[in-house]
Amino acid sequence: EALSGPRRIKALDQNVVNKIAAGEIIVAPVHALKELIENSVDAGSTSIDVLVKDGGLKLLQITDNGHGINKDDMTILCERFTTSKLQQFEDLTSIGTYGFRGEALASISHIAHLTVTTKTKDSSCAWRAVYSDGKLVPSKPGMSADPKPVAGKQGTQITVEDLFYNVPSRRRAFRSAPEEYSKILDVVGRYAVHCEGVSFSCKKHGDADMGVSTTSSASIIGRIRNIHGSAVANELLSLEVNDKHLGFKATGMVSNANYNVKKMTLLLFINHRSVESTLIKKSVEATYAMFLPKGSHPFVYLSIEIEPHLVDVNVHPTKREVNFLHEDEIVELITEKIREQLAAVDTSRSFLTQT
Ligand code: ADP
Ligand code: MG
């Protein structure tokens, strides 16, 4: 129906704005979990346990043994842009930890029921607090919203319940619990391979079996064996490339020409953050195409460390793709190294069969 004149413009309620922003960052439970895992790793944890109910919609719980959160910081913990990892804009260019925007917990508190239990080394007890819309709220009506003392070990437990309870459109878009759970296992598995020195577990509530379970002492190959099986773990080549001028170092474990599967597995980390890169995926696939039967694919775990000032960190958190300077040259050096390694194994094999 046509209007006779323009409607008046009004500012949206701040809580509505925050809810929209949160729903853009966290589209599925796995996105919340990835942020929580990164926080636990940032906190120096050597043990990270994940518990999931209903694909993460009903419950997403992560327990770590990291340095914990000071009780005095619990009031502002879930406000937007509160972080212990960044003081000034310049810090963005030298940031070593994963998080840097202070938005993850705030976002989660706008679209779920969030409970935080945490204990630092110096505190005599653990503290528990419940959050909604960025603020402390009473755990039961009529009670105080202040953090409560509880028994607990050093570290932090984050409990996310009823994700999207107040975002009906997101809830409707939700496919199936098993599908979301498999995405959760995928992301836990990625960090479990990458984070040496950290034990990981992930299971569904009520299950006796772990979906993922690695010990803190396991090597990278041991972690790959544990999560992806012996068939691939027995056929890995280790990889190392670096270039001072381009400001990067890459290490990895990639399958040799004996191994191939229907779908490529690419575990890609840039500065210890699990990311996606279409360029790297395509280039690696093209490299293997020369060595593998048509239509078959490799397993590739690749960890690239790039001098922080060369990475475009100021991307929106919904962008799972990262960009970095000298991308083409760096990817070329990495795929060249893979090609060399695959060719070397190939020649030694044909040499062996000749003699
Ligand atoms: P960011 O990670 O970008 O700083 P978050 O919203 O993810 O923002 O977390 C806010 C702050 O809460 C962090 O900077 C950190 O100080 C604290 N924090 C969050 N999770 C943990 C954890 N598992 N252990 C210790 N501190 C944590
Ligand atoms: Mg974070």
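Residues numbered from 1 in each chain as written. Chains lettered and ligands numbered in written order. Predicted model: local features only at pLDDT ≥ 70, side-chain atom pairs only at ≥ 80, totals over all residues.

All right, on to the packing of helix α5 (residues 177-194) against helix α6 (residues 220-228) then. Remark: α5 packs on α6, axes separated minimally by 8 Å, with the N-to-C direction vectors making an angle of 155°. As far as their axial angle goes, α6 and α5 are roughly antiparallel. Judged by residue contacts, G189, A192 and V193 of α5 engage I220, R223, I224 and I227 from α6. Per-class residue counts for the contact of α5 with α6 are 5 nonpolar, 1 polar and 1 charged. (Axes fitted to C-alpha atoms, helices over the stretch in contact; angles between N-to-C directions. Helix = DSSP H or I, 4+ residues; strand = E, 2+ residues; numbered from the N terminus. Parallel < 35°, antiparallel > 145°, perpendicular 65-115°, else oblique. Contact = placed C-beta atoms within 7 Å. Nonpolar A, V, L, I, M, F, W, Y, C, P; charged D, E, K, R; others polar.)

Okay, the pairing of strand β3 (residues 113-119) next. Counting buried positions along β3 gives 5 out of 7 residues, so the element sits mostly inside the fold. The sheet contact formed by β3 and strand β7 (residues 155-161) spans 7 bridges and is antiparallel. Counterpart to V116 in the pairing with β7 is I158. In this sheet, strand β4 (residues 126-132) lies alongside β3 in antiparallel orientation, the contact comprising 5 bridges. Each residue of the ladder has a partner; that of T118, found in β4, is W127. The turn joining β3 and β4, which pair antiparallel and follow one another in sequence, is formed by 6 residues. (Buried ≥ 20, exposed ≤ 12 C-beta atoms within 10 Å, placed from the backbone. Pairing = 2+ DSSP bridges.)

Residues with a pLDDT of 70 or more make up 89% of the protein chain, whose mean pLDDT is 89. Confidence over residues 95-100 falls short of pLDDT 50; this stretch has 23 contacts with residues more than four positions distant or in other chains. Quick note on the complex model: pTM equals 0.91, ipTM equals 0.98. (pLDDT = per-residue confidence, 0-100.)

Where helix α2 (residues 29-42) meets α5, the axes come as close as 9 Å, and the angle between the chain directions of the two elements is 20°. In terms of their interaxial angle, α2 and α5 are classed as roughly parallel. Judged by the sense of rotation from one axis to the other, the crossing of α2 with α5 is right-handed. Contacts from P29, V30, L33, K34 and I37 in α2 reach E180, K183, I184, V187 and Y191 in α5. Here the residues of the contact of α2 with α5 sort into 7 nonpolar, no polar and 3 charged. (Left-handed = near helix turned anticlockwise from the far one by under 90°.)

Before going further, it helps to spend a moment on the sheet that holds strand β13 (residues 273-274). Spatial ordering of the open sheet is given by β10-β11-β14-β12-β13, a layout of 5 strands whose pairing is mixed. Edge strands, defined here as strands with exactly one partner in the open sheet, are β10 (236-243) and β13. When strand β11 (residues 248-255) meets strand β14 (residues 299-306), the two strands line up antiparallel, connected through 7 bridges. By the bridge assignment for β14, A250 is matched with I304. Packing against the sheet, α6 makes contact with β10, β11, β12 (265-270) and β14, and its axis sits at approximately 45° to β11.

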